[in-house]
Each structure stands twice: as structure tokens, then as C-alpha cells.
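# Descriptive structure summary
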Amino acid sequence: MRSLRIALAQINPIVGDFRYNTKKILEYTEKAEENDVDVVCFPELVLTGYPPEDLLLKPQFVEDNIAALEKIVRKTKDFNSVSIVGYVDAEDDIYNAAAVIHGGEIKGVYRKMFLPNYSVFDEERYFQAGKEPNLFTLGDVNFGVNICEDIRYPDGPGHVQALNGADILINISSSPYHAGKREFRKTMLSTRASDYAVFIAYVNLVGGQDELVFDGGSMIFDSDGKLVAQAKIFEEDLLIADLNLESVLRKRLHDPRRRKERLKVPEIPRIFICDRNRKGKSKIEGRIEEDLSIEEEIFRALVTGTRDYVRKNGFSKVLIGLSGGIDSSLVAAIAVEALGSENVIGVLMPSQFTSKSSVEDAEKLAENLGIRTIKIGISRIFEAYLEELKDVFEGRGWDSAEENIQARIRGNILMAISNKFGYLVLTTGNKSEMSVGYATLYGDMAGGFAVIKDVFKTMVYRIARHVNERAGREIIPERVFEKPPSAELREDQKDEDDLPPYSILDQILKAYIEEDKSYHEILAEGFDEELVKKVIRMVDRNEYKRRQAPPGIKITPRAFGKDRRLPITNRYVPW
């Protein structure tokens, strides 16, 4: 029986830390070797970390990456298993590549052929595209290697590799997370496996890198498109499975289309690795880790992104301004899950407009989470500002200037504590607020990392509910869910004084920002004309604020930042 024992090593590298990444790769290679694995696969550009961005423009960085690969080749010289490692290949140019390693040498290299240049991807900025696929032979098994985007094209390199006799396609990937993407991946990979009549092993990166978070969830599909193994989600994992490849030939014999298609594709280079001895191995069944609810999925994405941003940038503790509202409550809960309660400090900064219930809710949240709090009132500082500005402001009524002074006082206090003790400030603004500019520049936007900047307000409530449900107790006080959202910067202020209800606002924002629907298309969905105009104006004129916001975790298909790039200065009016 022709079979292959494969290991998918979804690990969490650090961009530019070749020593750490090499150590991690060798650690997982040794685990695979202990399990008598034939092939162990690592994610795309795992050696450099993903995405390395403009580090790729530094020749020394590329050279260091090659040196790290050579170390892995030497260290695995006596291993029986074949290792597939993502790295940057260099010849006349640089390539996003996969090295196939065995017996102390690189047996062959595959260079990525389809370079994504959309959404958060800029690979054409850095890489030359590979020119042709290849095929590897390990004993009686033929396998093809390709990289991430390559598998998304029905007539891409995987199709050519399969028609040239590949029993299994190994796709090494670093595919960033957004909500709903896992189902797309599953459908696409299942379709490719069935159409090509081939096994597909897909290994994905895990962990956070700046605004991106990677969910892992590596998968294996058989030649009928059935999921036969799935790794953990948002965790490092080594997924091992024995694959019976006899089913590949049986399926191909029943599909006459393949014979016609085979005539249309060229022969590709074949690289022999070695013979192998498969005797005496007890079978390892592929495990299938269960999928998550959308609330748990997003929660884990936020936790992973926060943990890795804080830790990989050398911080140990974080600081959060606690208002007693839903946003800061959720951010605090995420931070505690990511870093531990001993590493999270909440700062309460009440003013004369802060309700007693808000202070109580913030204190109760902190007690439930077990975090330390600092309480600093801002009323006297605010009055001092007003006193110094009274001559400048003479003849002008109260407006957003006075409101924003309060927010900036709070931002100043948080940054002062941050500077003194080296804590990282986590901001608490959500996507709904950031979309329409309902935030104060250098005030509540001041900080180092914006945890929920890509989470709409309606989803904030859902995830906050989930926090309590998954804990089996009240973490976020019930009153926080019940009271109307308010910035509490003036008497009896409510968010809905300035904004439509979030249930309506979020629908318009999703249509305009994420789906790129036109003004007329949004109107056709039944929204009020003046309201749509107001929302679009607010979104467009607040681009300058968003450019100055700290980075935050990409959760939706279209996040602000590198995912959505609009000119600050423009006069386009869509009606």
C-alpha cells in the first residue's frame, strides 16, 4: 500500500528573529522525526517571519535568512524525514520559496508563481515570480510543493503538478485571518483536491504580526475533497497523519477528463529525494480539531494578536483606561486572557460628568478580572485648562473643544504612566467609532495598540456576552450591557445624540467600507437618504484621524490601515 506519513508544523515565528525561528523549526523537526514522519512541512516564509515587508530590501537580511536555512540543513543531516521550509531564495533576484531538505542538502526549491498584490499583500513589490512548478519523488510517492496563493488558481501550478503525477500537493501558507475566511479556505481546498484528484496538505502560520493575526487551522483533504485532518486554531500545533494514497489512482481511473487535460500541460522537472522503508509503522489517524463559533473565533484572534504584539515588542504589562463602558471592559477582558491579570492595569479617570454607576462598573470589572487599578480624577485638571483658555474661548459656547480637552487629559495621564513604568497603553475605540471619527485625536486614540479598532460596536456586544458565557460567570457587569453607550463628556450625553443607533450605523458602514457599495446601492437597501449622506461624509472626512491611530488587529475582510488605502485629501462626492 502506498502511503505517506506527513506532519504539518504550524508555528509562531517572529519577523527577523532568525535565531528564534531556526530554533523553533528544529524543535518541531525533531518532534516529527521522533514520530517517524516522512515529510514535515512548515509555513510560508517561516524562516523570516511573515510578512517581512521592507526588510526584504536589505541585502544583509536576505543573506542572514540563507545562513539560517543552511544551519537547518546541517542540523537535520541525519534525519530520515524530509523538511519543507519557507524562506527567501536569492539568485538574480529574490523569491518567495520553499526548500525541500533531506540528508544534509537542499534537494530542490519551489518558487512561488502567483504573487498576491491586493488587500494587505504587496508581494510584487518585493519578489520575482517563479517560472515553473516541479515534482518530488520520495520512494513510491510523488508530491508537489506550492505556496499559498498558488493553490487559489484552478489552472495554477497545483493543477500542473497533479497532472504530472503528484499524489499529494503540499501548500505552505501564511494566510492572515479575518472572520469568515476559514470557511472559504475549506471550500476552496476541498474543491481543488476533488478537481485535481489529489490529496492536499495545507499548513498555515499561527500568531500575530502587527495588524495581522494568523489562525493556523492547518488541514488535509483527500482526493474526494473530504477533510481528514485539521489542526488547532490560534495555537501552535504539530498535525501528523498517515495518508493512504491508493485512493488517488482509483479516482483518476474513473475520470476520463484527466487524460485529455494531461495532453495540454507540459512535463515538469522531477527531483528524486530518496527511497524509504515504511515497514513496521503503526498507523496514525489524522485528528480533526473542532471549529469555533464566530464569537470565540474573533475573541481568540483578538487575544492572539494582543499577546503577540505586546510580547514580541518587548512589553510585559499593559495599561487600559477603564470608563465603565462596553469597549474598555472588553479590551480589559481580552488583555487578561492574553497576558494574565497580573500584567494588566486599569486606570479610572472620572470627571464631573462621569456617572457613579460608570465608576462602580469599572471597579466591579477590575475586581472580576483580578486586575490592579489606579484612580485619578480629572476635574481639577479640566478646570485648570478652562481657566487658562477662558480669554481665548471668550464669547464661544460649550462644544466639542471642551469635550476633547477631557479626552486629551486622560490620554496624557495614560501616556505619563506609560512613560514612567514602561507599560504599553491599549486603546479602546471600536470600528464603528473609528469609521465616523467619533474619537479624539491625541485623546482616547492615544496609545500603542488598538485592540478592537476593526470590530464593529454590534459585534463588541456579542463578543462581550461571549466573554461571560465562556467564563461561566459575570466578568463584564450586566449593567454595562444595559446602559446606553456614552462618552460622558457633557451632561446626559449619549452616543445616539450624535450618531444613529449602532444597529443601523454598522449596516451602513459595512456596506460602504467593506463591500464598497455605492451611495445609490446603500439607499436602495432602505436607509434614509440624509442619514446615508451624513455617515459617508463622516467616514470620508475622518481619514486623517485614522492615519494617526495606533495599529490594531485585522478582524473584518476590509480593515482600516494597509488594507484600505484612501487619500486624505480628496473632493470626491458620491452623489
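Structure's up top.
This is a predicted model, so every value here is computed, not measured.

## Quick word on helix H18 (residues 529–541)
With 13 residues, H18 extends 18 Å between its outermost C-alpha atoms, agreeing within 8% with the 18 Å of an ideal straight helix rising 1.5 Å per residue. Among the residues of H18, those classed as buried are Leu-531, Val-532, Lys-533, Val-535, Ile-536, Met-538 and Val-539. Residues of H18 that are buried in the fold lie against helix H13 (431–436), helix H16 (502–514), helix H17 (519–524) and helix H19 (543–547). For H18, the N-terminal cap is Asp-528; the gap from its side-chain oxygen to the backbone nitrogen of Glu-530 is 3.2 Å.

## Looking at empty space enclosed by the protein
Overall, the coordinates contain 3 cavities of 30 Å³ or more when judged by the stated rule. Estimated volume of the largest cavity: approximately 120 Å³. Lining the largest cavity we find 13 residues, and of these Cys-148, Arg-152, Ser-175, Met-188 and Tyr-202 sit closest to its centre. Residue contributions to the lining of the largest cavity peak at 4 residues, all from helix H5 (residues 181–196).

## Considering the sheet that holds strand S20 (residues 449–450)
Note: strands within a sheet are paired through backbone hydrogen bonds, in either parallel or antiparallel orientation. Spatially, S18-S17-S16-S19-S20 is the arrangement adopted by the 5 strands of the open sheet, whose pairing is parallel. Edge positions in the sheet fall to strand S18 (372–375) and S20, since each of these pairs with one other strand and no more. Across 2 bridges, strand S19 (residues 424–427) lies against S20 in parallel orientation. Bridging across to S20, Leu-426 finds its partner in Phe-449. In the packing of helix H12 (residues 400–421) onto the sheet, contacts are made with strand S16 (318–321), strand S17 (344–348), S18 and S19, and the angle to S16 comes to roughly 165°.

## Regarding the pairing of strand S14 (residues 237–244)
Among the 8 residues of S14, 7 are classified as buried, and the element is accordingly described as predominantly covered. By the bridge criterion, 8 bridges tie strand S1 (residues 3–10) to S14 in an arrangement that is antiparallel. Note that in S14 the partner of Arg-5 across the bridge is Asp-242.

## Quick look at the packing of aromatic side chains
All told, the structure shown has 11 aromatic pairs when counted by the stated rule. Ring plane angle 80° and centroid distance 5.6 Å describe the contact between Phe-353 and Trp-398, whose orientation is recorded as edge-to-face. Here Phe-353, found in the loop between S17 and helix H10 (356–369), pairs with Trp-398, found in the loop between helix H11 (379–389) and H12; they are 45 residues apart in sequence, far enough to count as distant. For Trp-398, a relative accessible area of 41% translates into the label partly exposed.

Calculation criteria
Residues numbered from 1 in each chain as written. Predicted model: local features only at pLDDT ≥ 70, side-chain atom pairs only at ≥ 80, totals over all residues. Heavy atoms only, no water. Helix = DSSP H or I, 4+ residues; strand = E, 2+ residues; numbered from the N terminus. Expected span 1.5 Å × (residues − 1). Buried < 20%, exposed > 50% of the residue type's maximum accessible area, 1.4 Å probe, protein only. Contact = heavy atoms within 4.5 Å. Polar contact = N/O pair within 3.5 Å; in protein donor to acceptor, adjacent residues only side chain to side chain. 1 Å grid on protein atoms, 1.4 Å probe; cavity = no way out; pocket = protein on both sides within 12 Å on 5 of 7 lines; lining within 4 Å. Points joined across faces, edges and corners; volume = space filled by probe spheres on them. Pairing = 2+ DSSP bridges. Axes fitted to C-alpha atoms, helices over the stretch in contact; angles between N-to-C directions. Phe/Tyr/Trp six-rings, centres within 6.5 Å; stacked < 30°, edge-to-face > 60°.

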